[in-house]
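The primary structure of each chain is shown beneath.
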Amino acid sequence: MISFVFYLAFLLIFVVFAVYAERKTAAFIQNRLGPMEVGPKGILQTIADLLKMLQKEDIRADAVDLIPFLVAPFIVFAAVFTGYSVLPINEVVGGSGISAGVFFLLAVVSLDVLGILMAGWASNNKYSLYGAMRSVAQIVSYEVPLGISVLCVVIISGTLDLSQMSANQSHGLLSWHIVNHPVLIIPFIIFFIASLAESNRTPFDLPESESELIGGYSTEYSGFRWGMFMLAEYGMMLLLSILGAVMFFGGWSSPIDDFGTGPIWGSIWLLSKALILIFVQMWVRWTLPRLRVDQLMSLSWKYLTPLSIVMLFICALWKLWIIS
Amino acid sequence: MNEEHLTYYLYFAAFLFSSGVFVVLTKRSAIFVLIGVELMLNGANLVLASFSQYDHDMKGQIFAIFAIVITVCEVSIALAILLNIYRKTRVSNLDELREVGN
Amino acid sequence: MGIFIQILLVLLTLLGVGIIVYTRNIVHAAYALCLALVGIAGIYVILMSELLAVVQIMLYAGGVVILLAFGVMMTNRLRGDKVISGSNNALIGAIISLSLFSALAYLISNANFRTANIDHNDQIREIGISFLTEHIVAFELIAFVLLVALVGAAYLAKMAGDE
C-alpha cells in the first residue's frame, strides 16, 4: 500500500516537473530560452497548462463507439501504473512480493496496447486508426528485444524479484551489474532503445507525429482524457527508467560503500538514477530525427532482436564460466 | 481450499466450456468462432489449474502452460489463413465460404 | 476478504463471457474476451498457480487478443458496418450447450475428489527445474512447434502480401 501511494504521488508530481524540464531542455538544445513568462523563469508554466487542460470540454463526436472511446485512456494508464507495483522503493519498502517480479511487469505493460487499439478504432477516424496501428505494431515489435535484454539480466542475477536484485548490488559501485558484469553493456543499450520505442518517444514517435497524423490515436480526445494519454506516456518513461536503474545501475544502493545508506538515502539514489536516465531520454528526443516506419520495424526485427539473442547466449556463457 | 470450493471452480470451468461451444456453434463470422475456441481452451486450462493446487509437482500447471503456448501458435496460423481467404474472396462469413471455392 | 475477491473475479469473467455470447459486434467481443482472460488470470492466482497467471496475461491477453483485434480490423478495412456478425440457429445451439453443461455438472457432482494441503513456495524455480529435467521432451517439442508456427505465419503473410 505504501508503494502504491508513493509511486502515484511521485508520478503525478514528476509529470508536472518533467513537462517543464522537457520544454526547457528542448529550448536549450535548440538555442532558445523556452517558457519564461509564467512565474520566475517559467516554473509555473506547467501548472497553467494543467489548469487549462482540466477545464476543457470533454468533446464526444457523434459517430464514436461510446464505451470503448471513454474507457480507453484509463486502460492505457491502468496497464502502465500496474507495472509500478513490483518496483522497490528502498531496502525497507520493497514492491509486491510476487515471485515472478519482472515477468509480471513485462506482461502487464503489454496490455496497454489494447487501450491504444480501442482508442484508435473507436474514434472512427482514418488518421486515428493509422496512428493506432502503427503504434501497436511498434510497441509489439519492440517488446521482443526489451524482454530478451531483461532476460539477460535475470540470467546473470539469478532472481526475478526486483528487491532481491537491488540487494545483490548493494556493495558499492563495483557491485552494480553493469560494472561487475561488463557483458551487460550491450543489453543495456538495447533496453534503452526499446524503452524509447515503448513510450512512443522520438526517434520512434511516428504514431503521434505532429506533422503527419495530427495526433495519432489521441486526435479525437480533448481535456482530461487527452491528458491521461500524456500521463501514460510519461508514466511508461518513468517505469522503464526505474526498471533500468534497478536492473543495471544498482537500484537503491549508493555508489560509495557506507556513505548514503538507510531508507531515505536509498529512495533518493533510486530516483536520482531514474531521473538521469529520463534526462538522457529527453536529450535523445531533441537531438535525433524521427525514423520512418519501415526503418523502425527493420531496426527491431533485423538488428535488435538477433543482437539481443546473441547477447543472451553470451550472458549465459558468462554466468556459466565466470561466475560459478 | 476445501473440496467444496474445488467443485465450484469445476462447475465454472464447465460453464466456460459450454459457452465456448455455444459461440462456436451459432456465430457466423470466422473470427467469432476463434473467440469461442479460446473460451473452450480456457475452460480446460481452468480445470488443470484447479487440480494442480493439490499436486506437489505442479504438473497441472505445467500442462496448462504448454496448452497455452500451443493455442497461441494455432490462433496465429488460423488468423493468417483467414486473412488469406479474405483477401482472395472478400468473404469472412463462414456460411458463404462453403459455396465459394473449388 | 478472500472470498470477496474470488466472487468479484468470477463475476468479472462472467461479465466478459456474457458480452461475448450476447453481442453481435466482433470488436466488442474481442475486448470482452480480454476482460474474461484477465479475470481467469486472477482466478489462477487464487488457485496458487502464479506462473500460469502471468503467462496467461502475457500470451493470451497481451498477444492473442491483439491478434484477434488486428484480424477484425484488417478484414473490415475501415468500413464500420461489416463488423456485425449474425447468428444461426441460436435455439439449437443453446440446447446443445446446455445439455453439455448438464452432463459435465452431473459428472462433477457425482465425483469424489481427495484434497490435500500443499505448501507452495518459490514455484518458479521448481517449475523451471522440472522443465529441464522431467518435462524436457515436451519443452523441446514446444520450441519446435513455435518455430514451425513462426515460419508458417511469416510464409502465409508473405503469400497474402504478394497479391
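Above this note sits the structure.
All of these numbers come straight from a predicted model, not from anything done at the bench.

> It is not clear to me how the interface of chain B and chain C should be interpreted in this structure. Could you clarify?
Between chain B and chain C, the contact holds 66 residues from the first and 81 residues from the second. Roughly 6900 Å² of surface becomes buried between chain B and chain C when both sides are summed, with 74% attributable to carbon and sulfur atoms. Applying the counting rule to chain B against chain C returns five residue pairs in polar contact (both at pLDDT 80 or more). Counting only elements with at least two residues in the side of chain B that touches chain C, the list comes to helix H1 (3-26), helix H2 (30-52) and helix H3 (59-89) of chain B. Taken together, the residues of the side of chain B that touches chain C break down into 41 nonpolar, 16 polar and nine charged.

> Would you mind showing me how to read the nonpolar core here?
Counting residues in each nonpolar core, the largest one holds 151 residues, and the members touching the most others are Tyr84, Leu87, Leu162, Ile242 and Met247 of chain A together with Leu46 of chain B. Discounting residues that sit within four places of it in the chain, Ile242 of chain A has contacts with Tyr7, Leu87, Leu270, Leu271 and Ala274 of chain A. Grouped together as the second largest cluster of nonpolar side chains are five residues, Leu10, Ala14 and Tyr54 of chain B together with Ile108 of chain C included.

> Explain a nonpolar patch on the surface here, please?
Side chains of Phe15 of chain B together with Met1, Ile3, Phe4, Ile5, Ile7, Leu8, Leu11 and Leu14 of chain C sit close together on the surface and give an oily, nonpolar patch of about 890 Å² of accessible area. With seven residues, helix H1 (residues 2-22) of chain C is the largest single contributor of residues to the nonpolar patch. Within the secondary structure layout, Leu8 of chain C lies in helix H1. In this structure Leu8 of chain C comes out as partly exposed when scored by relative accessible area, which is 47%.

> I keep staring at empty space enclosed by the protein and nothing clicks. Help me out?
Empty space left among the atoms is revealed by rolling a probe the size of a water molecule over them. Residue and element names in this part refer to chain A. Counted by the stated rule, this structure contains one cavity of 30 Å³ or more. The calculated volume of the largest cavity comes to roughly 130 Å³. Around the largest cavity, the lining comprises 16 residues; the ones closest to its centre are Ile116, Asn200, Tyr217, Ala232 and Glu233. Listing elements by their share of the lining of the largest cavity, those giving two or more residues are helix H3 (66-82), helix H5 (112-122) and helix H10 (224-248). Its residues assigned to classes, the lining of the largest cavity comprises nine nonpolar, three polar and four charged.

> Honestly, helix H2 (residues 26-46) of chain C in this entry has me stumped. Any pointers?
Residues lying three or four places apart along an α-helix face the same way, a consequence of the helix completing one turn every 3.6 residues. Residues and elements named next belong to chain C. An ideal rise of 1.5 Å per residue puts 30 Å on 21 residues; H2 measures up with 30 Å between its terminal C-alpha atoms. The buried fraction of H2 is high, at 16 of 21 residues. Phi turns positive one or two residues past the end of H2, at Met48, with a value near 60°.

> Teacher, can you tell me more about the interface of chain A and chain C here?
In many reports, interface size means the accessible area that the parts give up when they come together. Listed by partner, the interface residues are 22 residues for chain A and 23 residues for chain C. Roughly 2100 Å² is buried in total at the junction of chain A and chain C, and carbon and sulfur atoms are behind 83% of that figure. Among the residues chain A hides against chain C, the three largest losses belong to Phe103, Leu114 and Trp121 of chain A. Together they make up 29% of the total. Linking chain A with chain C are zero salt bridges. The tally of links from chain A across to chain C stands at one residue pair in polar contact (both at pLDDT 80 or more). Elements that contribute at least two residues to the side of chain A that touches chain C include exactly helix H4 (101-109), H5 and helix H6 (126-157) of chain A.

> Teacher, can you tell me more about the packing of H5 of chain A against H2 of chain C here?
Helix packing for two helices is described by the angle between their axes and how far apart those axes are. It is the contact of H5 of chain A with H2 of chain C, at a shortest axis distance of 12 Å, that shows an interaxial angle of 160°. Taken together, the axes of H5 of chain A and H2 of chain C are roughly antiparallel relative to one another. Here H5 of chain A and H2 of chain C pass one another in a crossing that is left-handed. Between H5 of chain A, through Leu114, Leu117, Met118 and Trp121 of chain A, and H2 of chain C, the contact on the second element is made entirely by Val27, Tyr31 and Cys34 of chain C. Looking at the contact of H5 of chain A with H2 of chain C residue by residue, the class counts come to seven nonpolar, no polar and no charged.

> I keep staring at unusual backbone geometry and nothing clicks. Help me out?
Excluding glycine, residues mostly carry a negative phi; peptide bonds, for their part, are mostly trans. A positive phi is found at Asn31 of chain A, a non-glycine position, where the angle reads about 65°. As for its position among the elements, Asn31 of chain A is in the loop between helix H1 (2-29) and helix H2 (45-54). Of note in this structure, Met48 of chain C is not a glycine but carries a positive phi near 60°. By the secondary structure assignment, Met48 of chain C is in the loop between H2 and helix H3 (50-74). Look at Met48 of chain C and you get partly exposed, because its relative accessible area is 34%.

Procedures and definitions
- Residues numbered from 1 in each chain as written.
- Chains lettered and ligands numbered in written order.
- Predicted model: local features only at pLDDT ≥ 70, side-chain atom pairs only at ≥ 80, totals over all residues.
- Heavy atoms only, no water.
- Contact = heavy atoms within 4.5 Å.
- Buried area = accessible area lost by both parts, 1.4 Å probe.
- Polar contact = N/O pair within 3.5 Å; in protein donor to acceptor, adjacent residues only side chain to side chain.
- Helix = DSSP H or I, 4+ residues; strand = E, 2+ residues; numbered from the N terminus.
- Nonpolar A, V, L, I, M, F, W, Y, C, P; charged D, E, K, R; others polar.
- Core = buried A, V, L, I, M, F, W, Y, C linked by side-chain atoms within 4.5 Å.
- Buried < 20%, exposed > 50% of the residue type's maximum accessible area, 1.4 Å probe, protein only.
- Patch = residues over 30% accessible without salt bridge, like charges linked within 9 Å, V, L, I, M, F, W, Y side chains within 5 Å.
- Areas by Shrake-Rupley, 256 points an atom, 1.4 Å probe, with all protein chains shown as cover.
- Salt bridge = Lys/Arg side-chain N within 4 Å of Asp/Glu carboxyl O.
- 1 Å grid on protein atoms, 1.4 Å probe; cavity = no way out; pocket = protein on both sides within 12 Å on 5 of 7 lines; lining within 4 Å.
- Points joined across faces, edges and corners; volume = space filled by probe spheres on them.
- Expected span 1.5 Å × (residues − 1).
- Axes fitted to C-alpha atoms, helices over the stretch in contact; angles between N-to-C directions.
- Parallel < 35°, antiparallel > 145°, perpendicular 65-115°, else oblique.
- Left-handed = near helix turned anticlockwise from the far one by under 90°.

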